[in-house]
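Listed below, chain by chain, are the residues.
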Amino acid sequence: MQKCSTDTPVSDAVSPSALGHASFVTGTFADDVALLRIAFLPLQVSDSTLVRLSDASRMICCPAGRFTLGSPRRPEPSWWVVRHGCASLGRIAADGAFVERHLIGPGEWFDVTGALDMPGGWAESAVIREPIELLALPLESLFEACDSDETFARAFGHTLATRMRELALHRPDVPSSRDSMSPAELADLRSHARLPGDPLAQIRR
């Protein structure tokens with residue numbers, strides 16, 4: 001895994017001069033199948049499923065500084081994994097200062113819970129330590145993969161449960177979760193992620 005540089009202090013990382021706008025790029029990249037294979041460990045997902053997810057993905061480029069992308073549901077409800085670069089995840093203190101919880105890099109999940117409800121917000125605040133590329137995996141494609149690949153359905157449930165458990169350790173408002181999800185729980189997630197009248201759920205490229 002690529003080593004992240006952490007030399008930039010938080011005060012510089014969130015300065016107004018460092019702020020910018022994310023840019024959106026669609027396309028498939030040669031190393032993304034290997035990246036997704038790492039992201040869904042410890043379960044071994046088939047290459048055919050990972051290729052389909054890669055084909056459906058969208059790359060988002062963000063500059064160094066305070067993370068400013070408005071919602072994990074834009075441009076469409078998605079799970080987000082770091083493709084290149086690194087970011088600090090944490091929270092905003094009462095005085096407005098950023099409090100880092102941990103640093104993440106390529107192959108690690110930036111957010112998997114935020115797109116599952118409305119209006120959809122990031123589970124944690126973030127500071128981008130160096131220019132970063134995020135790979136957005138649309139929920140639509142993830143649910144389709146769950147329907148067609150039983151192993152991937154287990155990987156999906158394990159990833160989501162692990163992330164919720166991590167958040168629960170630091171945010172008492174997030175419920176703890178088991179290591180896996182039942183088919184009924186997965187169906188319930190689908191219903192919440194595709195709320196009637198939600199225009200974002202109808203986006204197609």
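Above this text sits the structure in question.
Predicted, not measured: the structure shown is a model, and the values here were computed from it.

A. Inspection of the overall build of the protein at higher detail. For the protein, the count of helices and strands is 6 helices and 7 strands. Written out in order from the N terminus, the α and β elements of the protein read α-β-α-α-β-β-β-β-β-β-α-α-α. Relative to its full complement of 205 residues, the protein shows a buried share of 46%. By element, 55% of the accessible surface of the protein is carried by carbon and sulfur atoms, the whole surface being about 9,800 Å².

B. Molecular detail of the packing of helix 3 (residues 47–56) against helix 4 (residues 139–148). Contact geometry of helix 3 with helix 4 gives a least axis separation of 10 Å together with a crossing angle of 165°. Considering the angle they form, helix 3 stands roughly antiparallel to helix 4. Crossing angle aside, the handedness with which helix 3 passes helix 4 is right-handed. Touching Thr49, Arg52, Leu53 and Ala56 of helix 3 are Ser141, Leu142, Ala145 and Ser148, all from helix 4. Partitioned by chemical class, the residues of the contact of helix 3 with helix 4 number 4 nonpolar, 3 polar and 1 charged.

C. Focus on the nonpolar core. If you look at the biggest cluster of nonpolar residues, it comprises 26 residues, and the most contacted ones within it are Phe40, Trp79, Trp109, Leu137, Leu142, Phe152 and Phe156. Where this core is concerned, the elements lending two or more residues are helix 2 (32–39), helix 3, strand 4 (78–92), strand 7 (125–138), helix 4 and helix 5 (150–170). In terms of residues, this core owes the most to one element, helix 4, which gives 5 residues. One finds Cys62, Phe67, Trp122 and Ala136 within the second-largest nonpolar core, a separate group that totals 16 residues.

The rules behind the values
- Residues numbered from 1 in each chain as written.
- Predicted model: local features only at pLDDT ≥ 70, side-chain atom pairs only at ≥ 80, totals over all residues.
- Heavy atoms only, no water.
- Helix = DSSP H or I, 4+ residues; strand = E, 2+ residues; numbered from the N terminus.
- Buried < 20%, exposed > 50% of the residue type's maximum accessible area, 1.4 Å probe, protein only.
- Areas by Shrake-Rupley, 256 points an atom, 1.4 Å probe, with all protein chains shown as cover.
- Axes fitted to C-alpha atoms, helices over the stretch in contact; angles between N-to-C directions.
- Parallel < 35°, antiparallel > 145°, perpendicular 65-115°, else oblique.
- Left-handed = near helix turned anticlockwise from the far one by under 90°.
- Contact = heavy atoms within 4.5 Å.
- Nonpolar A, V, L, I, M, F, W, Y, C, P; charged D, E, K, R; others polar.
- Core = buried A, V, L, I, M, F, W, Y, C linked by side-chain atoms within 4.5 Å.

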